[in-house]
Amino acid sequence: MEVGAEAFARSLPRLRRRISRSVFVALDMEFTGLHSTLLQNNEPSLFDSPAERYVKARRSVQRFTLVQLGLAIFSKENSNKYVVHSYNFFLFPSTLGIRDVEFTLSASSIQFLSHYGFDYNKFLKDGIPYMNEVQEKILKQHLLAGTWKVCSSNADRDVLKKAIEEVTSWIATAKEEDTMILHDLNGYHILEVPLVLRQALENIWTEPLGDKKIMVKKVSPKHRQLLENSSYDHCQKKLILLSARGFTNLFQILVKAKKPLVGHNMLMDLMHLHDKFYRPLPESYEEFKRNIHSLFPVIIDTKTVTKSVQRKCQFPRVSNLLDTYAVLCSSILNPKGPPCPVIVLSSGCSRYAEKKSPHEAGYDAFLCGSVLLMSAHLLLCRSTDDAVEAEPSFSQYLAVLAEHVNKVNFIRGGVSSINFSGEDTPCRHPPALVVHVRGWPGLTERQIYQEFKARCHFDVRQLSKNQFILLSNKYKQVRLVLRDYRHHPHLQVSVYRHWRHSPSVSCLLQISGIVALWSLLAFALGGARSC
């Protein structure tokens, strides 16, 4: 269930088989941070268009990295039963053959994950490497030119130094065909140590033995050349590349499989997938959408789906994925319909059946896929007057979810969701308010925000020297402020009217008025001369 760098390569064939047999795959990610506060005007806002929000999120994705990726593979067995294989992959940027990768840590995100028991030692010491296409191209060039290098830490250098000292001390007295064993080599060291030794010494040969061991043999330079040209050399360039690519190999398996990809509030997940495993995020928002749709033609965001369930069914208000799962597991929503699909965790994931593990990526991915199945079943039961089959197929579930496919939830912005297969549709917000300031010179957006913060959550944007626009996504808050500030001595609050309050419209009206006045004067003067 937990997969690090040491176990990843041997897990890959099994993962490929399970993905190919699955009906869909759910994922979740944990990051070193979400929204960078070091960048000016980078906070998400109700004023954001999708393109503006993308620019903000792109800056944050470029600064932060993944620490854990959860993958829940859902396979349908006989009857209405789904078996789930859920995995936690600890990830760490590749340090082989490319320039050293830098990333930022958000103190609040690190503290949050630590609170939920995240193991940072596994992230740092056994994280699976990964790279995108640009980084892979650079590594290929270095491998062909023989100029690759390892961006090693001091601890890594100590391991390499110790190995070199042991081998050089041994080789001075060893005879050809003599061998020695290097022990306790973890993760990347299994690849790095042989590469470094072969670069340093032309009369040795290395082979991995498993169990953290490497065999070193003394050979003649001629014999070494023959061995390097054989198909059994584990340090071949293609194998080095395969190892350095790491988790990107699994990403490419997912892309080729074209299985429906399920997530929850998954915009940032998709942006990190693109940036870390495919290509650096493009500047263009539309290009990003096209790329993601090409990689994953069927995307389903359970946040978008559950919004629909809440509207159509008597669904209690819940704030997170775990609570949504708990409500859907109860029978109160569909007491008379056919039973929901049976979702069974495989034996390797039984811990999730016994204990809740929120904000562990593999567990959240399992919740996400389960919420999808149960929501789809509920919508299917409510969508027709005819009796629903006792064992609906997954294609029937996809059909009832058709309006939500490729629509990813957009948190606090100008649209309710991002449509990866079409145009984004604007959403209806409560009317904007305009605040006219009298007798309080020099007020800032921050001060206006603090003024209204106690009553409600508004996003603020300055319109002119003494005017500010307020946006909320709750009608109740708008009505409350209009009522409470009706007689305020310094702040006059009213509903925003574009023709009345927009500086550009006001400017245009002023210019039009001036032009009209001059035209009238010219007409009057021209008429006077003619008399």
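As shown above, the structure is provided for reference.
As the structure is a prediction and not an experimental result, all values here were calculated from the model. (Residues numbered from 1 in each chain as written. Predicted model: local features only at pLDDT ≥ 70, side-chain atom pairs only at ≥ 80, totals over all residues. Heavy atoms only, no water.)

### With respect to the sheet that holds strand E7 (residues 213-218)
Sheet strands pair by backbone hydrogen bonding; their relative direction is either parallel or antiparallel. Threshold: We call two strands paired when DSSP finds no fewer than two bridges between them. By definition, any uninterrupted DSSP run of H or I lasting at least four residues is a helix, any uninterrupted run of E lasting at least two residues is a strand, and each is numbered from the N terminus. Only the stretch in contact is used when a helix axis is fitted, and all axes are lines through C-alpha atoms; the angle between N-to-C directions ranges over 0 to 180 degrees.
Pairing is antiparallel in the open sheet, where three strands are placed in the order E5-E7-E6. Whereas interior strands pair on both sides, the edge strands pair on one side only; in this sheet they are strand E5 (179-182) and strand E6 (204-210). Pairwise comparison of adjacent strand axes, ignoring direction, gives a mean angle of 25° for this sheet.

### Concerning the environment of Arg17
Structurally, Arg17 is set in helix H1 (residues 5-21). Taking the C-alpha atoms as reference points, Arg17 and Ile253, separated by 236 residues in sequence, lie 9.9 Å from one another.

### Comments concerning the nonpolar core
As a reminder of what qualifies: Each nonpolar core is a collection of buried residues, namely Ala, Val, Leu, Ile, Met, Phe, Trp, Tyr and Cys, held together in the definition by side-chain atoms within 4.5 Å. Buried means the residue's accessible area, taken with a 1.4 Å probe over protein chains only, is under 20% of the maximum for its type, while exposed means over 50%, and partly exposed covers the values in between. Contact criterion: two residues are considered in contact whenever any of their non-hydrogen atoms come within 4.5 Å of each other.
One finds Phe89, Phe247, Leu250, Leu270 and Leu273 to be the most contacted residues of the largest nonpolar core, which totals 48 residues. When contributions to this core are tallied by element, the ones reaching two or more residues are H1, strand E2 (24-31), helix H2 (50-63), strand E3 (66-76), strand E4 (81-90), helix H10 (248-257), helix H11 (267-278) and helix H12 (285-295). When residues in this core are grouped by element, the largest group, seven residues, is from H11. Beyond its immediate sequence surroundings of up to four residues, Leu273 is in contact with Leu27, Met29, Leu69, Phe251, Leu261, Tyr278 and Phe296. Of all hydrophobic cores here, the second largest spans 37 residues; its members include Ala72, Ile300, Met374 and Phe394.

### What to know about the packing of aromatic side chains
Here is the rule we go by: Pairing of aromatic rings covers Phe, Tyr and Trp, the last counted by its six-membered ring, and requires centre-to-centre distances within 6.5 Å; plane angles under 30 degrees mean stacked, over 60 mean edge-to-face, and any other angle means tilted. When the NZ atom of lysine or the CZ atom of arginine is within 6 Å of a ring's centre and also within 35 degrees of its normal, the charge is said to sit over that ring.
Within this structure, the stated rule accounts for 25 aromatic pairs. Ring plane angle 35° and centroid distance 6.1 Å describe the contact between Phe8 and Phe247, whose orientation is recorded as tilted. Pair noted here: Phe8 is in helix H1 and Phe247 is in the loop between helix H9 (237-245) and H10, with a separation of 239 residues, a long-range link. Each of the two residues, Phe8 as well as Phe247, counts as buried. Between the aromatic rings of Phe24 and Phe74, the centroid separation amounts to 4.5 Å while the plane-to-plane angle is 15°, which identifies the pairing as stacked. In this pair, Phe24 sits in strand E2 while Phe74 sits in strand E3, placing the two residues 50 residues apart along the sequence. Across the pair, Phe74 and Phe24 agree in class, each one buried. Aromatic rings pair up to connect Phe8, Tyr87, Phe89, Tyr130, Phe247, Phe251, Phe277 and Phe296 into one cluster. For the cation-ring pair, Arg53 lies above Phe410, with the distance from its terminal atom to the ring centre recorded as 4.5 Å. The aromatic ring of Trp205 is capped on one face by Arg198, whose charged end is 3.8 Å from the ring centroid.

### Section: the sheet that holds strand E15 (residues 467-471)
Ordered in space as E14-E15-E13-E16, the four strands form an open sheet in which the pairing is antiparallel. Sheet topology places strand E14 (459-464) and strand E16 (491-495) at the edges, where each strand pairs with a single neighbour. Neighbour-to-neighbour, the strand axes of the sheet open up by a mean angle of 25°, direction not taken into account. Pairing between E14 and E15: five bridges, direction antiparallel. Each residue of the ladder has a partner; that of Gln462, found in E15, is Phe468. Packing against the sheet, helix H18 (residues 445-453) makes contact with strand E13 (433-437), E14, E15 and E16, and its axis sits at approximately 130° to E14. The sheet strands contacting helix H19 (residues 475-484) are E13 and E16, and the helix crosses E16 at an angle near 135°.

### Considerations on the packing of H1 against H10
Selection rule: Orientation categories follow fixed angle ranges, with anything under 35 degrees roughly parallel, anything over 145 roughly antiparallel, 65 to 115 roughly perpendicular, and all other angles oblique. Note on residue categories: nonpolar means Ala, Val, Leu, Ile, Met, Phe, Trp, Tyr, Cys or Pro, charged means Asp, Glu, Lys or Arg, and polar means any other residue, Gly included.
Remark: H1 packs on H10, axes separated minimally by 10 Å, with the N-to-C direction vectors making an angle of 10°. Taken together, the axes of H1 and H10 lie roughly parallel to each other. Where H1 approaches H10, its residues Phe8, Leu12, Leu15, Arg16 and Ile19 are matched on the opposing element by Asn249, Leu250, Ile253, Leu254 and Ala257. A breakdown of the residues in the contact of H1 with H10 according to their chemical character gives eight nonpolar, one polar and one charged.

### A short note on the pairing of E4
Consecutive side chains along a regular strand alternate between the two faces of the sheet. Taken across its ten residues, E4 has nine buried, putting it largely inside the fold. Strand direction decides the pairing type here: strand E1 (residues 2-3) and E4, joined by two bridges, are parallel. From the neighbouring strand, Val3 faces E4, where its bridge partner is Phe89. Two elements, E3 and E4, share nine bridges in a ladder whose sense is antiparallel. The partner of Ser75 across the bridge, within E4, is Val83.

### So, the packing of H11 against H12
One way to put it is that H11 packs onto H12 with a least axis distance of 11 Å and a crossing angle of 80°. Judged by the angle between their axes, H11 and H12 are roughly perpendicular. Every residue of H12 that contacts H11 at Leu267, Leu270, Met271, His274 and Tyr278 is listed here: Phe288, Asn291, Ile292 and Leu295. Each residue belonging to the contact of H11 with H12 can be placed in one class, and the counts come to seven nonpolar, two polar and no charged.

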